[in-house]
Amino acid sequence: SADELDERIRAAKAALGDRVVVLGHFYQREEVIRHADYVGDSYQLANAALEHPQTEAIVFCGVHFMAETADMLSRPEQAVILPNLAAGCSMADMADIDQVEEAWEQLAEVYGDMDTPDADGLVPVIPVTYMNSSAAIKGFVGRHGGIVCTSSNARTVLEWAFARGRRVLFFPDQHLGRNTAKAMGIPLEQMPMWNPRKPLGGSTEGELDDARVILWHGFCSVHRRFTVDQVDQARAEHPGVRVIVHPECPMDVVDAADESGSTDYIRRAIEGTTEPTTFAIGTEVNLVQRLAADNPQHTVFCLDPVVCPCSTMYRIHPGYLAWVLEGLVDGEVRNRIAVAQDVADPARVALERMLAAKP
Ligand code: 13P
Ligand code: SF4
């Protein structure tokens, strides 16, 4: 039963003490989050992995790319554990390393030598990957002078990239790329979308010449569901409502909202408001429900009336958490995520550039 599982997790954690730290992403279900030592957005959890060098193991309640990142940032002796290995991210899977390598080669045919800076000291293209990507992609980015971003620092990272290159190739999330570039004043005409099924991305060479941000065709299937109609309906039904959405939402939804930001931005916006307020939120429903429960002074609801959990985040069932923790008690490391060194070394370079790129 749920209570038994809860008790098993508590007992295993008590037995392990400081030997383990449990990290939980905001989208995790309540039955998991209550056992997390640190809860955060993907940027904060990457830092949390870095900041616990004394533990033997880091149990990551989140998705695969987050656990890979934690492995690359933690000490080699520390085991990073993903309670269910099937917890992936469909958006991260939309940028495959072979496709990215091929896109890069095709762009080199258009732009020439990708490594040599022009008279202004700028290379033709800087690759930028969203944290929601495989370690292999982060490694590619690290080897080609690029950088990682999260939803909380995308603008700072794009500014870093434009200080070094004429253009950015941004993957996998077209929406985060488009929303961030638009907020920086880059016109939509200068954001062609890469289409791997057509040679040269299906973009004319003129389009690619003027391009500032070349977008990848990826998206998040959870955030893609939010619509402008939902925003309009929330405003009609709740006069004075504050609409806040995650930047993985489509551009028209971000434009219709009052604000957009990372999961932690959304949390701070609600918790930092003293006047009782109604918030309509465009992000994963487990976070929205927790924010509603934790902030009874406000009315907080999800823009999408049909419950929309992230199905892969949901694969971290408390039963798996109990199973990996009990394994550690018995001296057995279960479900370890270990990135091969030849991938991890360049990927870490791209991650460290992000950690150093303060606004
Ligand atoms: P955050 O970095 O805002 O936590 O987002 C991670 C994510 O997967 C959003 O879908
Ligand atoms: Fe991936 Fe979307 Fe789930 Fe975030 S919410 S982990 S982007 S599928």
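Residues numbered from 1 in each chain as written. Chains lettered and ligands numbered in written order. Predicted model: local features only at pLDDT ≥ 70, side-chain atom pairs only at ≥ 80, totals over all residues.

### Some words on the UniProt feature "binding site: [4Fe-4S] cluster" (unreviewed entry) in the chain
Note the following rule: UniProt positions are given in the numbering used here, feature names are shortened, and annotations may be inferred rather than shown by experiment. In this description a helix means any DSSP run of H or I spanning at least four residues, a strand means any run of E spanning at least two, and both kinds are numbered starting from the N terminus.
As annotated by UniProt and renumbered to match this structure, "binding site: [4Fe-4S] cluster" (unreviewed entry) occupies Cys89, Cys220 and Cys310. Across 222 residues in sequence, these annotated residues keep their C-alpha atoms within 9.3 Å of one another, forming a single compact spot. By the secondary structure assignment, cysteine 89 is in the loop between β4 (79–81) and α5 (97–111). Structurally, the position occupied by cysteine 310 is in the loop between β12 (299–302) and α14 (318–329).

### Quick look at the domain arrangement of the chain
By a frequent convention, interface size equals the accessible area lost on bringing the separate parts together. Note the following rule: Start and end points for every domain follow an automatic or database-based domain assignment. By definition, residues are in contact whenever their C-beta atoms, placed on the basis of the backbone, come within 7 Å of each other.
Examined at the domain level, the chain breaks down into domain 1 (2–88 + 313–339), domain 2 (92–219) and domain 3 (223–302). Computed over C-alpha atoms only, the centres of domain 2 and domain 3 are separated by 29 Å. The partner domain 3 presents 12 residues to the 12 residues of domain 2 that form the contact. For the side of domain 2 that touches domain 3, the leading source of residues is helix α8 (residues 174–183), giving 6 residues.

### Overview of the site of ligand 1
What counts is decided by this rule: In this analysis a residue is considered near a molecule or strand if the C-beta atom, reconstructed from its backbone, is found within 6 Å of that molecule or strand. Under the scheme applied, nonpolar residues are Ala, Val, Leu, Ile, Met, Phe, Trp, Tyr, Cys and Pro; charged residues are Asp, Glu, Lys and Arg; polar residues are all the others, including Gly.
Every residue lining ligand 1 is accounted for by Phe26, Asp41, Ser42, Tyr43, Asn132, Thr150, Ser151, Cys220, Glu248, Ser262 and Thr263. Here the shell around ligand 1 is composed, by residue class, of 3 nonpolar, 6 polar and 2 charged.

### Comments concerning the sheet that holds strand β2 (residues 38–40)
Put simply, the rule is: Here, any two strands with at least 2 DSSP bridges between them count as paired. Where helices are involved, their axes are fitted lines through C-alpha atoms of the stretch in contact, as for all axes, and angles between N-to-C directions lie from 0 to 180°.
Read across the sheet, 4 strands follow the order β2-β1-β3-β4 without closing on themselves; strand pairing throughout is parallel. Of all the strands in the sheet, the pair left with one neighbour each is β2 and β4. Adjacent strand axes in the sheet meet at a mean angle of 20°, parallel and antiparallel pairs treated alike. Here helix α4 (residues 64–73) sits on the sheet in contact with β1 (20–25), β3 (57–61) and β4, set at roughly 160° to β3.

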